[in-house]
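For reference, the chains in residue letters:
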Amino acid sequence: QVQKAKSGGRLVQVGESLTLSCIGSRHSFGGYAVGWFRQAPGQGRFVVAAISWGGGRTYYADSVQGRATISRHDAEFTVYLKIDSLKPEDSGVYYCATDPSLGTFRRAPNDLKPMDQGTLVTVSS
């Protein structure tokens, strides 16, 4: 059973940076890729970034490539996503999710199981 993760939310200005954290456990993170997908009202899931178990591979959406950094600290069962130079289109509800395969984040975002209730991120101009 996936345990609930915790993540903080923000109201930020255009151009600022944002760091989201996802706190899991040995059971929820051990052996799993972890990442975030975003969902805006009336839209489907959009995977922003993900990182493999062990941290050796990462995935970034084209829209955040070069602006985002995902990292994991397995000793603390925590994964961080930092996004710089935020844009209004980065707004949405961000969900932390895990999957045994990093590929699921790329190919099948609807199969991802959220770990938390989501974090509303609003980028305001």
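Nothing here was measured: the structure is a model prediction, and the numbers come from that model.

**Q** Describe the pattern of salt bridges, and please don't skip the residues or the numbers.
**A** Applying the stated criterion to the full structure yields 4 salt bridges. Taking the shortest distance from any N to any O, the salt bridge between Arg 38 and Asp 90 comes out at 3.9 Å. Of this pair, Arg 38 sits in strand E3 (residues 33–39) while Asp 90 sits in the loop between strand E7 (78–83) and strand E8 (92–99), and the two are 52 residues apart along the sequence. Assessed through its relative accessible area of 10%, Arg 38 is described here as buried. Relative accessible area serves as the criterion here: at 2%, Asp 90 is assigned to the buried category. Residues joined in a network through salt bridges with shared partners are Arg 38, Arg 67 and Asp 90.

**Q** If you had to explain unusual backbone geometry to someone new, which residues and values would you point to?
**A** Its identity is not glycine, yet Phe 77 carries a phi of approximately 50 degrees, on the positive side. Relative to the helices and strands, Phe 77 resides in the loop between strand E6 (68–73) and E7. Exposure remark for Phe 77: the relative accessible area of 24% places this residue in the partly exposed category. Not every positive phi belongs to a glycine, and Ser 85 is a case in point at roughly 45 degrees. Mapped onto the elements, Ser 85 comes out in the loop between E7 and E8. With relative accessibility at 40%, the residue Ser 85 sits in the partly exposed group.

What counts, and where the lines are drawn
- Residues numbered from 1 in each chain as written.
- Predicted model: local features only at pLDDT ≥ 70, side-chain atom pairs only at ≥ 80, totals over all residues.
- Heavy atoms only, no water.
- Salt bridge = Lys/Arg side-chain N within 4 Å of Asp/Glu carboxyl O.
- Helix = DSSP H or I, 4+ residues; strand = E, 2+ residues; numbered from the N terminus.
- Buried < 20%, exposed > 50% of the residue type's maximum accessible area, 1.4 Å probe, protein only.

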